[in-house]
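Observations on chain architecture
Chain residues, written in single-letter form:
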Amino acid sequence: MEKIVDFIQETFKTKEFIPLHEPRFIGNEKKYLNDCIDSTFVSSVGKYVDQFEKEFASKIGSKYAIATVNGTAALHISLILADVKKDDEVITQPLTFIATCNAISYIGAKPVFVDVDLDTIGLSPKSLESFLKTNCELINNQCINKTTNKVIKACVPMHTFGHSCRITEIKDICDKWNITLVEDAAESLGSYYKDKHTGTFGKVGAFSFNGNKIITSGGGGVIVTDDEKLAKRAKHLTTTAKIPHPFEYVHDEIGYNYRMPNLNAALLVAQLEQLDKFCKCKKELALKYDEFFNDIEGINFINQPENSSSNYWLQAIIFKDLKARDEFLKFTNKNGVMTRPIWKLMNELVMFKDCQSSDLTNSKICEERIVNIPSSVIL
Ligand SMILES: *Cc1c(COP(=O)(O)O)cnc(C)c1O
């Protein structure tokens, strides 16, 4: 284990504490922020929000992008756009960050958990299909869960750590069962599946720009879609459902104050300019880690799955068992190298312990054995 700590210190060229993921502000961040402050348009109106939305949509190959205050808000609105209502059900993976399930819960809907694939760490099309075949029935073109008598309205796969899940297979199954596909692409900006950007396969996709993500606006998120009507509705809902008017305040439904401030967007425009560079650095780091861990008994580096190109946002390794993982976590964190286990499974948290789930063997294996290791862009 000393050998691993030495390698990571050498790679990051420091003996000081090495965090899991630090943001890098090495482009036009200060320039655009100063410009934004000088303009006085720091809040919900301003050119940087519009510029960011245009540039982001073009970057990932989506028709529309709507910036939001954070990724959770982007997911919340995405689920509303997918017509998820109170008491509906939404299929997702138990191995995800809490935000996925929180957003589902804000609507009053319930998550249903299906297993992940071991190679992608993302929702498994096999597990999804087998769950639907065993438990569901199409009645009047609605997917009805026979166990609960509820409608399964949407499916939210997540591209874990930037590794793309089998998204086209998942989409085909969703289409067959009339389930709307919403992608939680919060971690996968810069990641592609068969040359198409993650987040653009579903009816709607959501990204996050939290401080620990591959690019950041401090806090922020974005909703993407190719559907003009949904894009307009997303903009409306995220801006308090105010009817556009030069001076009057009239709102036509309960909306949300989810708009990204112009100040954050200024930072984000500068960050987006550097995305390709950040992805390249992370790929190089992944190559180094992969080569190094090849020679380490009992630890495997997690590489990008077949048919995909990962942003390698958070680098990850997998141990042979829980005990080896725990020893590693203790040793590295005591010795100034920050490492972190993957999330606890959502179906094991008190809020979701009563939710229905498929067999979750793979999720459990991942939960017990996967660890994230330092992943920052090296300067
Ligand atoms: C970061 C993240 C989000 C959104 O988080 P915010 O902090 O609200 O921006 C959603 N889902 C996943 C999987 C995430 O990692």
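Residues numbered from 1 in each chain as written. Predicted model: local features only at pLDDT ≥ 70, side-chain atom pairs only at ≥ 80, totals over all residues. Heavy atoms only, no water.

A few words now on the packing of helix 1 (residues 2-11) against helix 10 (residues 275-294). Viewed as axis vectors pointing N to C, helix 1 and helix 10 meet at an angle of 155 degrees, and their least axial separation amounts to 12 Å. The angle between helix 1 and helix 10 falls in the class roughly antiparallel. Crossing of helix 1 over helix 10 shows right-handed handedness. Across the interface between the two elements, Lys3, Ile4, Phe7, Ile8 and Thr11 of helix 1 pack against Leu285, Lys288, Tyr289, Phe292 and Phe293 of helix 10. Class assignment for the residues of the contact of helix 1 with helix 10 results in 7 nonpolar, 1 polar and 2 charged. (Axes fitted to C-alpha atoms, helices over the stretch in contact; angles between N-to-C directions. Helix = DSSP H or I, 4+ residues; strand = E, 2+ residues; numbered from the N terminus. Parallel < 35°, antiparallel > 145°, perpendicular 65-115°, else oblique. Left-handed = near helix turned anticlockwise from the far one by under 90°. Contact = heavy atoms within 4.5 Å. Nonpolar A, V, L, I, M, F, W, Y, C, P; charged D, E, K, R; others polar.)

Negative phi values dominate among residues other than glycine, just as trans dominates among peptide bonds. Phi is positive for Thr40, close to 70 degrees, though the residue is something other than glycine. Structurally, Thr40 is set in the loop between helix 2 (29-39) and helix 3 (47-60). Not every positive phi belongs to a glycine, and Asn307 is a case in point at roughly 65 degrees. Secondary-structure assignment places Asn307 in the loop between strand 12 (299-301) and strand 13 (308-309).

With respect to the element layout, His76 can be found in helix 4 (residues 71-81). Look at His76 and you get buried, because its relative accessible area is 5%. Considered as a pair, His76 and Leu123 are 47 residues apart in the sequence and their alpha carbons are 19 Å apart. Once residues lying within four places of it in the same chain are set aside, the contact partners of His76 are Ala103, Tyr106, Ile107, Tyr256 and Tyr258. Within the structure, His76 has its side chain in polar contact with the side chain of Tyr258 (distance 3.0 Å). (Buried < 20%, exposed > 50% of the residue type's maximum accessible area, 1.4 Å probe, protein only. Polar contact = N/O pair within 3.5 Å; in protein donor to acceptor, adjacent residues only side chain to side chain.)

Moving on: the site of the ligand. Close to the ligand lie 16 residues; Gly71, Thr72, Glu187, Ser208 and Lys213 are nearest. Between the ligand and the protein, one listed contact pairs an oxygen atom with a side-chain N or O atom of Glu187 at 2.5 Å. The contact in question runs from an oxygen atom of the ligand to an N or O atom on the side chain of Lys213, over 3.2 Å. Those elements giving two or more residues to the shell around the ligand turn out to be helix 4 and helix 5 (98-106). Counting residues per element, the shell around the ligand draws most heavily on helix 4, which supplies 3 residues. A class-by-class count of the residues in the shell around the ligand yields 5 nonpolar, 8 polar and 3 charged. (Near = heavy atom within 4 Å.)

Time to look at the domain arrangement of the chain. Domain annotation of the chain identifies domain 1 (2-22 + 275-347 + 356-373) and domain 2 (29-274). Each of domain 1 and domain 2 has a C-alpha centre, and these two points are 26 Å apart. On the domain 2 side, the residues contacting the 40 residues of domain 1 number 46 residues. Its largest share of buried area at the contact with domain 2, domain 1 owes to Leu275, Trp343 and Gln356, together 24% of the area lost on that side. In this assembly, domain 1 and domain 2 are joined by 1 salt bridge. Note that Asp276 and Lys59 form a salt bridge whose closest N and O atoms lie 2.9 Å from each other. Every element with two or more residues in the side of domain 1 that touches domain 2 is listed here: helix 10, strand 13, helix 12 (361-369) and strand 16 (370-373). The residue makeup of the side of domain 1 that touches domain 2, split by class, is 17 nonpolar, 16 polar and 7 charged. (Domains from an automatic or database assignment. Buried area = accessible area lost by both parts, 1.4 Å probe. Salt bridge = Lys/Arg side-chain N within 4 Å of Asp/Glu carboxyl O.)

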